[in-house]
Amino acid sequence: MVRIPAGTYAPILRGADEPERVPVAAFLLDARPVTNAEFLAFVRAHPKWQRSRVSPLFADTGYLGDWTGDLELGPRAPADAPVVRVSWFAARAFAAAQGKRLPTTAEWERAAAAGFTSADGATESGFSATVLAWYTKPSPETLPAAGSGRANFFGAHDLHGLVWEWVDDFNTAMVTGESRGDTGLDRTLFCGAGAANARDLTNYPAFMRVGFRSSLRANYAVPNLGFRCAK
Amino acid sequence: MKKTSRSLPRFPAALLVALGVGAWVPALSAEEAAVAAKPNGKKLAADLPVEIAHLTQPPMVPPPIGRKHPAKVVVDLEVKEVTKRLADGVEYTFWTYGGEVPGKFIRVREGDVVEFHLNNHPSSKLPHNIDLHAVTGPGGGAASTFTAPGHSSQFTFTALNAGLYVYHCATAPVPMHISNGMYGLILVEPKDGLPPVDREYYVMQGDIYTQGANGDQGLQYFDNTKAVDERPTYIVFNGAVGSLTGDKALQAKVGETVRLYFGVGGPNITSSFHVIGEIFDKVYAEGGTRFAQENVQTTMVPSGGSTIVDFKVDVPGTFILVDHSLTRAFNKGAIGMLKVTGPETPVIYSGKEVDEVYLGQASDAGAKASAREAELVAKKAAAIAANPEIANITKEIQLERGKKVFLTSCFACHMADGKGLPNVFPPLAGSDFLKADKDRAIRIVTKGLSGPITVNGKPYNNVMPPQQFTEDQIADVLTYVMNTWGNDFGTVSLADVKRVHSQN
């Protein structure tokens, strides 16, 4: 794991009364996403998370769909590639079994805001364009090895350019904590409404991450969605 | 829906709110929508005949509905992210409704109950949704169709309003989803249909923002900054440069009436839609159901809007579809073709009737013009010969013209006040040398002068170059210098100049 020092995170969407930057305490983050091999070891040790045994409450029918069997990875799921098609429940269970947890949105965004040579990638020439390019490409049939991307300033690999990653509070982007207000919020971010309350309207990748997280439910097992753990 | 709601009960209320359970329930079920559409509630959607919508890829359009009663129409649309040709040697990853840009054409009838399925392909990188401008309801369906990769959403709406409507993805960042190709048209036919025509086609315009310049080869990526600045690299019809040209041109036969369903996906650039060499007989402006104007050359189509144009093709040939904001057509790709075949109709359009060599002076026309000019010059010469006074007209005119000549050249040395420069350039004002010999003055202006001379008792030894003046100008400028600054040395006529020149 790599240490992400204490810092701040500027949410792309925030309520009128919320601060522009949110403090993020120092934490440890996996240097790369969890691999198929690691997840295979987990389901061996915890059979209730195997594909044929998992409760449909906790994972939809796409769960571990690239694997050829409960305990066989097969050609579309190389051992060193990131595990995908895992539900939020399964990712959380994996993390707990390692004595870890899923990072929060703030933690993940704080780590991913770093460029290759500085803590603020937005100031690095070409960094934003490189990040954006990944979002414009469809997912490949077979993913490359986790950790093969260039390490960022904090030593974390593949926060951009490999897979989407679960965060613990993936579906709180539109929630202010005021439940009466929440019911009026437009959580699906459609059309120009997506721009209301936004901080940096030109940060398209940040919008796409918020949009992607908002499209999820906790039992979804989505192609190209994996995770890494924090501590 | 069902699966998800089963997964939730174990979770605390706060998380349920976070998951936004309520927002995911479609506003109206199919049955409710049908009842809402018919206030008496007699006919339920369940009673309606069920049809599977016939969707078409551009530029084709599904056949007219032909039904005289409402139906429940099931629309199945797949979102797929595909890498395709944008221009020669240029590829781009398009996000599509059905694999092509624009998305599949949807055709329903006013009053139909539409059961809409949006399927997001598992290879998609992003969640997508659909906002159909034909839908009356929150987000035009976007609120009910937000769909993660590898998932499917369903909602139902009643097509309350007839017209030609744009549909598009409305997931943030919306401009990027639209620019990448997520738009199409849905035609809600009026209950009695549209007037029949011989051919119908489907064309949409969109603006694309690539990180490379127009024509830069290879796979190009979306450029955030150019999109925000509204500086498109490409503006194209049907998703690519050349998608409606050459072998892919639209086709029609002489005498047929063609209808174009034309829309603008945008996200930003409106279209000055025009077909070169045709006149739109009818324009259903803004995609409405009444043709609002006849005999239109160019019709404006807003981003997120549409138009229906009908025109009869009377003569054969290739008719070019353009955005008549023409650098978009000439430089950015907004060009299509309609090829019309059949017999010529020379009364309407003759084709080229004459093509002959034009040689300017050497041609008949040129020779006639030259002969006429020569005739006039000869007349003028004869008139002057008969009355030499008119050649230089009057002294006043000569002074006026001579001053202009003086100020183009002579004044540089002799100075504007005619006093010259002491010991360097001799004076003209009050010059005994000038006054003494008019013919000498003509020779000096014509041929120049060098060597020692004495003017008003003072020696000068310099060089005056020959002046490139016409004979008229020489007469005029000498008349000027001999009658200015107090000089009164007489005038110089054109005849004087010609006489001196003839002497050597």
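Note that the coordinates shown come from a computational prediction; the quantities given were computed from them, not determined experimentally. (Residues numbered from 1 in each chain as written. Chains lettered and ligands numbered in written order. Predicted model: local features only at pLDDT ≥ 70, side-chain atom pairs only at ≥ 80, totals over all residues. Heavy atoms only, no water.)

S.K.: Explain the confidence of the model for chain A here, please?
M.R.: In low-pLDDT segments, the atomic positions of the prediction should not be examined closely. Chain-level pLDDT for chain A is 86 on average; 86% of the residues reach the 70-or-more range. pLDDT under 50 marks residues 175-191 of chain A. Its contacts with residues more than four places away, or in other chains, come to 39 contacts. (pLDDT = per-residue confidence, 0-100. Contact = heavy atoms within 4.5 Å.)

S.K.: Any chance you could explain the state of the cysteines here in plain terms?
M.R.: Disulfide: a covalent bond connecting the sulfur atoms of a pair of cysteines. All names here are of chain B. Within this structure, the stated rule accounts for zero disulfides over all chains. The thiol sulfur of Cys-413 is not disulfide-bonded, and the nearest other cysteine sulfur, from Cys-410, lies at 9.0 Å. For Cys-413, a relative accessible area of 31% puts it in the partly exposed group. (Disulfide = S-S within 2.5 Å. Buried < 20%, exposed > 50% of the residue type's maximum accessible area, 1.4 Å probe, protein only.)

S.K.: Is there a simple way to explain the packing of helix H1 (residues 36-45) of chain A against helix H2 (residues 88-97) of chain A in this structure?
M.R.: Describing two packed helices takes the angle between their axes plus the distance from one axis to the other. Residues and elements named next belong to chain A. Here H1 crosses H2 at 80°, and the two axes come no closer than 11 Å. Relative to H2, the element H1 is oriented roughly perpendicular. Contacts between H1 and H2 involve Glu-38, Phe-39 and Phe-42 from the former and Ala-90, Ala-93, Phe-94 and Ala-97 from the latter. Of the residues assigned to the contact of H1 with H2, the class counts are six nonpolar, no polar and one charged. (Axes fitted to C-alpha atoms, helices over the stretch in contact; angles between N-to-C directions. Helix = DSSP H or I, 4+ residues; strand = E, 2+ residues; numbered from the N terminus. Parallel < 35°, antiparallel > 145°, perpendicular 65-115°, else oblique. Nonpolar A, V, L, I, M, F, W, Y, C, P; charged D, E, K, R; others polar.)

S.K.: Looking at this model, I keep getting lost on the environment of Cys-410 of chain B. Mind explaining?
M.R.: Residue and element names in this part refer to chain B. Within the secondary structure layout, Cys-410 lies in the loop between helix H8 (395-408) and helix H9 (411-414). When the C-alpha atoms of Cys-410 and Met-464 are compared, they prove to be 9.8 Å apart, with 54 residues separating the residues in sequence. Not counting residues within four places of it along the chain, the set of residues in contact with Cys-410 comprises Val-405, Met-415, Phe-469 and Val-477.

S.K.: Would you take a moment to explain the pattern of salt bridges for this structure?
M.R.: Between side chains of opposite charge, pairing is possible as soon as their charged atoms come close. In the structure shown here, the tally under the stated rule is 29 salt bridges over all chains. Across the pair Glu-109 of chain A and Arg-213 of chain A runs a salt bridge whose closest N-O atoms are separated by 2.8 Å. You can see Glu-109 of chain A sitting in helix H3 (residues 105-112) and its partner Arg-213 of chain A sitting in helix H6 (residues 204-214), a full 104 residues away along the chain. Judged on exposure class, the residue Glu-109 of chain A and its partner Arg-213 of chain A are both buried. Asp-88 of chain B is paired through a salt bridge with Arg-85 of chain B; the nearest N and O atoms lie 3.0 Å apart. By relative accessible area, Asp-88 of chain B is classed as exposed at 61%. The network of salt bridges with shared partners includes Arg-107, Glu-189, Glu-200, Arg-259 and Asp-310 of chain B. (Salt bridge = Lys/Arg side-chain N within 4 Å of Asp/Glu carboxyl O.)

S.K.: Help me understand a nonpolar patch on the surface, please; the structure alone is not making it clear to me.
M.R.: Together, Val-347, Ile-348 and Tyr-349 of chain B line one region of the surface with nonpolar side chains, adding up to about 390 Å² of accessible area. Looking at where Val-347 of chain B falls in the secondary structure, it is placed in the loop between strand S21 (335-341) and helix H7 (364-386). (Patch = residues over 30% accessible without salt bridge, like charges linked within 9 Å, V, L, I, M, F, W, Y side chains within 5 Å. Areas by Shrake-Rupley, 256 points an atom, 1.4 Å probe, with all protein chains shown as cover.)

S.K.: Would you mind going over the packing of helix H4 (residues 127-135) of chain A against H6 of chain A with me for this structure?
M.R.: Residue and element names in this part refer to chain A. Relative to each other, H4 and H6 sit at 35°, their axes nearing to 9 Å. The element H4 and its partner H6 pack so that their crossing is left-handed. On H6, the residues touching Val-131, Leu-132 and Tyr-135 of H4 are Tyr-204, Pro-205, Met-208 and Arg-209. Partitioned by chemical class, the residues of the contact of H4 with H6 number six nonpolar, no polar and one charged. (Left-handed = near helix turned anticlockwise from the far one by under 90°.)

S.K.: Explanation requested: the pairing of strand S14 (residues 257-266) of chain B in the structure shown.
M.R.: Every regular strand shows the same layout, with side chains that alternate between the two sheet faces. All names here are of chain B. Counting buried positions along S14 yields nine of ten residues, so the element is predominantly enclosed. One ladder, built from eight bridges, connects strand S10 (residues 199-208) with S14; its direction is parallel. From the neighbouring strand, Arg-199 faces S14, where its bridge partner is Val-258. Relative to strand S19 (residues 305-312), S14 runs antiparallel, the two sharing eight bridges. Bridged to Phe-262 within S19 is Thr-307. (Pairing = 2+ DSSP bridges.)

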